[in-house]
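Below are the chains, spelled out letter by letter.
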Amino acid sequence: MNLTIDARFEDMLKEAANIGSGRAVNSLSLLLDEPVTMKPVQLKIVSFQELMSEYGDKEEVMAASLLPFYGDLEGIVYLLFSQDDINALAGSLIGRTVTMKELETDPYMNSMLMELGNILSGAYISALADFTSLNMQTAAPSAAVDMAVSLWNEGLTYTQETQNEVLFLESEWKSVSLPGGTASGRFLFLPDAPSFQVLLRRLEEKIND
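Residues numbered from 1 in each chain as written. Predicted model: local features only at pLDDT ≥ 70, side-chain atom pairs only at ≥ 80, totals over all residues. Heavy atoms only, no water.

**Let's talk about the pairing of strand E8 (residues 182–191)**
Which entries qualify depends on this criterion: Each residue is placed in one exposure class: buried if its accessible area under a 1.4 Å probe, protein chains only, is under 20% of its type's maximum, exposed if it is over 50%, and partly exposed if it falls in between. Counting from the N terminus, the helices are DSSP H or I runs at least four residues long and the strands are E runs at least two residues long. Any two strands with at least two DSSP-identified bridges between them are counted as paired.
The element E8 is largely enclosed, with a buried count of nine among its ten residues. Pairing between strand E7 (residues 165–174) and E8: eight bridges, direction antiparallel. Bridge pairing in E8 places Leu-169 opposite Phe-187.

**Observations concerning the environment of Ser-27**
Inspection of the secondary structure puts Ser-27 in helix H1 (residues 7–32). Accessibility expressed as a relative area gives 24% for Ser-27, which makes it partly exposed. In this structure the C-alpha to C-alpha distance between Ser-27 and Leu-120, which are 93 residues apart in sequence, comes to 7.2 Å.

**Some words on the packing of aromatic side chains**
The test is simple: Centre distance within 6.5 Å is the pairing criterion for rings of Phe, Tyr and Trp, where only the six-membered ring of Trp is used; planes under 30 degrees apart are then read as stacked, over 60 as edge-to-face, and the remainder as tilted. Two conditions define a charge located above a ring, namely a distance within 6 Å from the ring centre to NZ of Lys or CZ of Arg, and an angle within 35 degrees of the ring normal.
For the coordinates displayed, the defined rule picks out two aromatic pairs. On the numbers, 4.6 Å between centres and 55° between planes, the contact of Tyr-124 with Phe-187 is tilted. Here the residue Tyr-124 occupies a position in helix H5 (residues 107–132), and Phe-187 occupies one in strand E8, the gap between them amounting to 63 residues. You'll find Tyr-124 and Phe-187 in the same group, each marked buried. The positively charged end of Lys-206 is found above the aromatic ring belonging to Phe-131, 4.6 Å away from the centroid.

**Overview of the side chain of Ser-184**
Worth spelling out the cut-off: Note on contacts: a residue pair is in contact if any heavy atoms of the two residues lie within 4.5 Å.
Here Ser-184 shows up in strand E8. With near-sequence residues (within four places) excluded, Ser-184 lies in contact with Phe-81, Asp-85, Ser-171, Glu-172 and Trp-173.

**A word on helix H7 (residues 193–208)**
Put simply, the rule is: In this analysis, the expected span of each helix is defined as 1.5 Å times one less than the number of residues it contains. The directions from the helix axis to the C-beta atoms form the arc being described.
For H7, with 16 residues, the first-to-last C-alpha span of 23 Å sits near the 22 Å given by 1.5 Å per residue. For H7, the full list of buried residues reads Ala-193, Ser-195, Phe-196, Leu-199, Leu-200 and Leu-203. Mapping the buried residues of H7 onto a view down its axis gives an arc of 155°, with all of them on the same face. Exposed residues on H7 whose side chains face more than 90 degrees from its buried face are Pro-194 and Asn-208. Check the buried side of H7 and you find it contacts H1, H5 and E8.

**A short note on the packing of H1 against H7**
Stated formally: The convention used is that axes are lines fitted to C-alpha atoms, helices contributing only their stretch in contact, and that angles between N-to-C directions extend from 0 to 180 degrees. When describing relative orientation, an angle under 35 degrees is termed roughly parallel and one over 145 degrees roughly antiparallel, while 65 to 115 degrees is termed roughly perpendicular and anything else oblique. For this classification, Asp, Glu, Lys and Arg are treated as charged, while Ala, Val, Leu, Ile, Met, Phe, Trp, Tyr, Cys and Pro are nonpolar and the rest, including Gly, are polar.
H7 packs onto H1 with a crossing angle of 95° between their chain directions and a minimal axis gap of 10 Å. For the element pair H1 / H7, the angle class is roughly perpendicular. Touching Arg-8, Phe-9, Met-12 and Leu-13 of H1 are Leu-199, Leu-200, Leu-203, Glu-204, Lys-206 and Ile-207, all from H7. Here the contact of H1 with H7 is built from residues that sort into seven nonpolar, no polar and three charged.

**A closer look at the pattern of salt bridges**
Cut-off, in case you're wondering: Any Lys or Arg side-chain nitrogen found within 4 Å of a carboxyl oxygen on Asp or Glu counts as a salt bridge.
The final tally for this structure, using the stated rule, is five salt bridges. A salt bridge links Arg-23 to Asp-130; its shortest N-O distance comes to 2.9 Å. Residue Arg-23 is found in helix H1, and its partner Asp-130 is found in helix H5; the two are separated by 107 residues along the sequence. Here Glu-170 and Arg-186 are joined by a salt bridge, their closest N and O atoms 3.1 Å apart. In this pair, Glu-170 sits in strand E7 while Arg-186 sits in strand E8, placing the two residues 16 residues apart along the sequence. For Arg-186, a relative accessible area of 18% translates into the label buried.

Structure below.
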């Protein structure tokens, strides 16, 4: 199944994404205890092949927080960070850089990664739920550290029986406390096929209101 949507639905998804971005910025600002700004969110519908060919080195080791959601919509949100992004966020939160190995093996660092996903991905899920008036709850987050191609393939395994494409959002945050001034995260929104149809029906209802 391909996630084929027309411009009307895409505009509404972007509107929901921008609301979620605002909430994510507010949450990150509270976490860092200082103002955070953000570039306009980029939302695309891309295939897994495009992800693997266009977004970074396939063999780059990345950190991912995985946040499942359930209710009227079911699926999972991946939030992925590069080493530079993790260093920027960890530098601000705990005052030092963190290796990918630490994120994988140190319970405290692993918990930090999961909490970042819980806060940031949760802001997008909450915004989508409010925007569509659909019931969406989140389950406990988990974390993974692996090569980008392996993380993409894990997402492909999750959706391969239902769809070939995902909703991809890229956000960049700016704060004076972040080493280098910026950090970014890549979000993969992976609803199952029935949930995506529920989402499209609800968006169509909003268009027709």
